[in-house]
Amino acid sequence: MPTNAQDPDASTDGDQLEVTEPKDWAAGVPAVAHALGYSLSQTSPTKTAITLLTMNQVDGIDCPGCAWPDPEPGKRHRNEYCENGAKHINDEATSKRVTREFFAEHPVSDLATRSDKWLNQQGRLTEPMVKRPGSDHYEPIGWDDAVALVAGELRGLDSPDEAAFYTSGRVSNEAAFTLGLFARAFGTNNLPDCSNMCHESSGFALHETLGTGKGTVSLLDIEHADLIFVVGQNPGTNHPRQLSALEAAKRRGARIIAVNPLPEAGLKRFKNPQKPRGVVGAGTEIADHLLQVRPGSDLALFQGVNKLLLEAEDHAPGTVLDQEFIDAATDGFDAFAAHVRAVDLDDVAAQTGLTRAELDTVAEEVLRADRIIVCWAMGLTQHRHAVPTIREVVNFLLLRGNVGRLGTGACPVRGHSNVQGDRTMGIWEQMPDTFLDALQAEFGFDPPRHHGLDAVGTIRAMRDGTVKVFVGVAGNFVRAAPDSEATEAAVRRCRLTVQVSTKLNRSHTVCGETALVLPVLSRTERDRQDSGEQGVTVEDSMSEVHLSRGRLEPASPLLLSEVAVLSRIARATVGERVDVDWASFEADYGTIRDHVSRVVPGFHDYNRRAAQPGGFRLPNPVNEGVFPTETGNARFTVNEGAAPRVPAGHLLLQTLRSHDQWNTVPYTDDDRYRGIHGDRRVVMAHADDLADLGLAQGDRVDLVSVADDGSERRAAGFRVVPYPTPRGSAAAYYPETNVLVALDDVATTSGQPASKAVVVRLEPVA
Ligand SMILES: Nc1nc2c(c(=O)[nH]1)N[C@H]1C(S)=C(S)[C@@H](COP(=O)(O)OP(=O)(O)OC[C@H]3O[C@@H](n4cnc5c(=O)[nH]c(N)nc54)[C@H](O)[C@@H]3O)O[C@H]1N2
Ligand SMILES: Nc1nc2c(c(=O)[nH]1)N[C@H]1C(S)=C(S)[C@@H](COP(=O)(O)OP(=O)(O)OC[C@H]3O[C@@H](n4cnc5c(=O)[nH]c(N)nc54)[C@H](O)[C@@H]3O)O[C@H]1N2
Ligand code: SF4
Ligand SMILES: [Mo]
């Protein structure tokens, strides 16, 4: 085991590895039982009932889990949530509390040795706390003093660009808009967010090719598709209600192709707990074909399929491509076609690990389908060549006109419940001038025009001493970011670190000279302000915007809302400089929505439309036949790139989620669907690779990564588990493995950390 006293991974809780057969179906009755078990361990039966019965209902609490959308109001079930959504909401509604006595008992140096799971299990934060320079303890501080402290530090900087404001995607539209406005009024676009590490590559690829960074698909499209690809995604764990939509599609005859190195349970069969057949029967088969590709080979796969489609068109001209669409609405076809025709299919087979017959099967399925959707998540975005890969997916869709028509489209499945909304509200270090112009017209100040820092850029700047104040609004930056040791050293150089949070995590224990913990209301709680009880709005992965209202009493009387904290900091920092009525933001969130309605396209009449049942859907230009790209057309592209070369004796490691965690927060040490129990420090690899390395199940190894620049990083003390992943690849859980991801190993153009493509060797330890 590691010995570093500052290393939470040295913790020995969860060292009871037990391995069973991976499951070949997801959800069903055990899932409901697990959800209730976890909920009741966190909170009371009454609170569990309130949260679960109002979750995802019209006028209820939006699930704080993933960004999968809710069905239309009339089509919702009484229980419109999944096992994991129930766990996420009750983790937030927990009855446990972190008090001033807790902080008196636990110095920061002690908290910094605790595991992520332990920190989370201490419960909800209850009052603002400060760690003063030179002190090893957090002590209580009043809200006014805390706000003054932040404002004082910010005003004392030489340049606004010496501050960075991070957000995670659980933040509401109202809080996100307030934060973005404040940062720009202060004078910086340094607005790194979790999206920089999540779907940044999707945004770049889609923007360039379709002219919009968002997905084009709605639930209605899924109801009408003939063929759905689920690529680089584990919906059984990470977007469980997607399985209900896929099940419905299957039952009316749609076909599904899953592309994944791992045979994830949810891709195989689904037992819908909301249907009698899901409780008693064998469930519904989800994927007709599961293509177990080698990690990082999706670009090769889609190029191979695109080549086969061009060849099919050669054999039967006029029957395969949507020539009318290509001629009228796209450009770049000839260069793309020439490039893809030159692709060697044997090479594609070798790179993907698929047979030529499997490639032909995919092409045949495609040729039979009039309407195709491609869904994807982190398996595509977290690679160095993620952007070219996703652009090739767009090429695939364009060939047969599979965008902008009912039942077709590009579907990047977002992670956090409001990560898409935060971007819409202006949380991005590179917002376009049109947005900044609108902000200027509404508020009368001149926002900075130079781009700000993204997540990786912020770490570099803290390391180099050019960012001195770090404010995190939700999330767990220290743990979510790559290269944990470098990130922690960078954060510790800051003059001030501020975390606006609901629960304790490692970002509170790795702090600057001065550190603040500012505890806030969660989405489940009633938010009372001067004008009455407030609701907040969120935007899901399919651009539906709707209201969410908390139902529980606040975890502590000393909590403020995120909007209150941010508008108070804004008033104290830039109150005299810009003419914004920050107090009215806090008193009535409708005021913020009124501003948004004039700044952000698609939000006219925001207050009224958000309040109607189900809210409203933002228009997507692609679905109106408009491609706002540089040329005004959808763009075919020529794409190059491949997974990193893996030297002999090494494996390509992906870092991924277990079934029982929310991002950086493990709930238990189990990963039920993969048959791994009692330990998260495991590395899954092919039995034959393990045999070649002389390793057997349960053996202990250190994972040593080799970065592009040759530098090495170590994650100590992992147990080996033979697992059906392709030869040459391996998988281990995030965030324990973030230490292995080099800061500079990022995707081209999007700058997203390549955390699904880490070259490692397994070093046996005694
Ligand atoms: N319960 C739960 N739900 C969540 C989250 C959570 O932590 N817990 N997190 C939320 C967030 S923020 C996000 S972004 C989403 C993430 O949702 P996912 O993207 O599903 O999350 P990961 O666990 O990273 O899984 C990535 C999947 O991609 C596959 N994969 C890896 N490399 C490749 C590759 O090269 N090619 C292909 N085709 N597949 C590959 C992996 O085997 C795995 O199945 O989930 C959201 N929902
Ligand atoms: N190696 C590796 N690294 C990754 C990934 C990976 O797959 N592999 N995935 C990346 C992805 S996709 C993402 S999205 C990021 C996730 O990065 P983050 O979004 O930064 O991390 P989370 O774990 O979701 O943050 C959890 C914390 O958020 C706070 N919180 C929860 N709810 C609220 C709320 O309502 N308000 C406030 N103010 N705080 C709240 C709690 O304090 C909790 O501890 O990690 C990225 N990092
Ligand atoms: S699928 Fe996602 S949004 Fe829906 S209940 Fe589950 S975690 Fe929540
Ligand atoms: Mo994410």
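Everything numeric here is computed off the predicted structure, so don't read it as measured data.

**Q** What should I look at first to understand the site of ligand 2 in this one?
**A** The environment of ligand 2 is made up of 29 residues, and the closest members are Y166, S168, E562, T664 and Y734. In this structure, an oxygen atom belonging to ligand 2 sits 2.7 Å away from a side-chain N or O atom of S168. Contact distances for ligand 2 include 2.8 Å between an oxygen atom and a side-chain N or O atom of H416. Computed on the free molecule, ligand 2 has an accessible area of 920 Å², of which 96% lies beneath the protein chains in the complex. Of the residues belonging to the shell around ligand 2, the class tally is 11 nonpolar, 13 polar and 5 charged. Inspection of the shell around ligand 2 shows a minimum of three residues originating in each of domain 1 (8–23 + 650–764) and domain 2 (97–198 + 418–604).

**Q** In this structure, what is going on with the packing of aromatic side chains? I would like to understand it.
**A** Each aromatic ring pair is characterised by the separation of its centres together with the angle its planes make. Applying the stated criterion across every chain yields a total of 21 aromatic pairs. Ring centres of F603 and Y606 lie 4.8 Å apart, and the angle between their planes is 70 degrees; on these two criteria the pair is classed as edge-to-face. Grouping aromatic residues by their ring pairs yields a cluster made of F102, F103, W118 and Y138. It is R114 that lies over the ring of W118; its NZ or CZ is 4.2 Å from the centre. It is K271 that lies over the ring of W25; its NZ or CZ is 3.8 Å from the centre.

**Q** Hey, could you run me through the sheet that holds strand β15 (residues 409–412) in this one?
**A** Working definition: the strands of a sheet are paired by backbone hydrogen bonds and lie parallel or antiparallel to each other. Taken together, 5 strands build an open sheet; the order of strands is β12-β9-β8-β14-β15 and the sheet is parallel. Each edge of the open sheet carries a strand with a single partner, namely β12 (289–291) and β15. Each strand axis lies, on average, 15 degrees off the axis of its neighbour in the sheet, ignoring direction. With 4 bridges connecting them, strand β14 (residues 372–376) and β15 associate as parallel partners. Looking across to β15, one finds that C375 is bridged to C411. Across the sheet, helix α12 (residues 240–251) touches β8 (227–231), β9 (255–259) and β14, and the angle it forms with β8 is around 150 degrees.

**Q** In this structure, what is going on with the environment of V374? I would like to understand it.
**A** Mapped onto the elements, V374 comes out in strand β14. According to the relative accessible area criterion, V374 is buried, its value standing at 0%. Those residues in contact with V374, other than ones at most four positions away along the chain, are F229, V231, F302, V393, F396, L397, G409, A410 and C411.

**Q** What's the story with the environment of G65 in this structure? I'm lost.
**A** Assignment of secondary structure puts G65 in the loop between α2 (45–54) and α3 (83–92). Taking relative accessible area as the criterion, G65 reaches 0% and is therefore assigned buried. Those residues in contact with G65 that sit more than four places away from it in its chain are H88, G415, H416, S417 and W662.

**Q** Is there a simple way to think about the domain arrangement of the protein chain in this case?
**A** Reports often express the size of an interface as the amount of accessible area lost when the parts come together. Under the domain assignment used here, the protein chain contains domain 1 (8–23 + 650–764), domain 2 (97–198 + 418–604) and domain 3 (200–412). Taking the mean C-alpha position of each, domain 1 and domain 3 sit 27 Å from one another. Together domain 1 and domain 3 conceal approximately 2300 Å² of surface at their shared face, both sides included; 52% is due to carbon and sulfur atoms. Considering only the side of domain 1, the residues that lose the most area to domain 3 are P726, Q752 and K756, jointly responsible for 23% of the buried surface there. The interface formed by domain 1 and domain 3 contains 3 salt bridges. Here R384 and D708 are joined by a salt bridge, their closest N and O atoms 3.0 Å apart. Linking domain 1 to domain 3 there are 14 residue pairs in polar contact (both at pLDDT 80 or more). No other element matches strand β25 (residues 651–656), which puts 4 residues into the side of domain 1 that touches domain 3. The class makeup of the residues in the side of domain 1 that touches domain 3 is 11 nonpolar, 11 polar and 7 charged.

**Q** Explain the site of ligand 1 to me, please; I cannot follow it from the model alone.
**A** The immediate surroundings of ligand 1 are formed by 33 residues, with N260, E264, G296, D298 and N663 found nearest. At a separation of 3.0 Å, a nitrogen atom of ligand 1 approaches a polar backbone atom of V259. At 2.8 Å, a side-chain N or O of K756 approaches an oxygen atom of ligand 1. Burial of ligand 1 by the protein amounts to 99% of the accessible area it has alone, namely 920 Å². Among the secondary structure elements, those contributing two or more residues to the shell around ligand 1 are α3, α11 (235–238), α20 (378–381), β25 and β26 (661–662).

**Q** Explain the sheet that holds strand β30 (residues 700–706) to me, please; I cannot follow it from the model alone.
**A** Reading around the barrel, the 6 strands line up as β25-β32-β29-β31-β30-β33 and close back on themselves, with mixed pairing between neighbours. Direction aside, the axes of adjacent strands within the sheet are offset by 45 degrees on average. In terms of strand pairing, β25 meets strand β33 (residues 758–764) through 3 bridges, oriented antiparallel. Among the inter-strand pairings, L652 is bridged to a residue of β33, identified as V759.

**Q** When you look at the pattern of salt bridges in this model, what are you seeing that I'm missing?
**A** When the charged atoms of two side chains lie near each other, side chains of opposite charge can form a pair. What the rule picks out here adds up to 59 salt bridges. The partner of D689 in a salt bridge is R727, with the nearest N and O atoms 2.8 Å apart. Here the residue D689 occupies a position in helix α31 (residues 687–692), and R727 occupies one in the loop between β31 (712–722) and β32 (729–733), the gap between them amounting to 38 residues. Judged by its relative accessible area of 9%, D689 falls in the buried class. Under the relative-accessibility criterion, R727 is labelled partly exposed at 34%. Notably, a salt bridge pairs R727 with D692, separated by 2.9 Å at the nearest N-O pair. Of the two residues, R727 is situated in the loop between β31 and β32 and D692 in helix α31; the sequence distance between them amounts to 35 residues. Salt bridges sharing partners connect three or more residues here, namely K250, R255, E285, D288, E365 and R368.

What counts and what doesn't
Residues numbered from 1 in each chain as written. Chains lettered and ligands numbered in written order. Predicted model: local features only at pLDDT ≥ 70, side-chain atom pairs only at ≥ 80, totals over all residues. Heavy atoms only, no water. Near = heavy atom within 4 Å. Polar contact = N/O pair within 3.5 Å; in protein donor to acceptor, adjacent residues only side chain to side chain. Areas by Shrake-Rupley, 256 points an atom, 1.4 Å probe, with all protein chains shown as cover. Nonpolar A, V, L, I, M, F, W, Y, C, P; charged D, E, K, R; others polar. Domains from an automatic or database assignment. Phe/Tyr/Trp six-rings, centres within 6.5 Å; stacked < 30°, edge-to-face > 60°. Lys NZ or Arg CZ within 6 Å of the ring centre and 35° of its normal. Pairing = 2+ DSSP bridges. Helix = DSSP H or I, 4+ residues; strand = E, 2+ residues; numbered from the N terminus. Axes fitted to C-alpha atoms, helices over the stretch in contact; angles between N-to-C directions. Contact = heavy atoms within 4.5 Å. Buried < 20%, exposed > 50% of the residue type's maximum accessible area, 1.4 Å probe, protein only. Buried area = accessible area lost by both parts, 1.4 Å probe. Salt bridge = Lys/Arg side-chain N within 4 Å of Asp/Glu carboxyl O.

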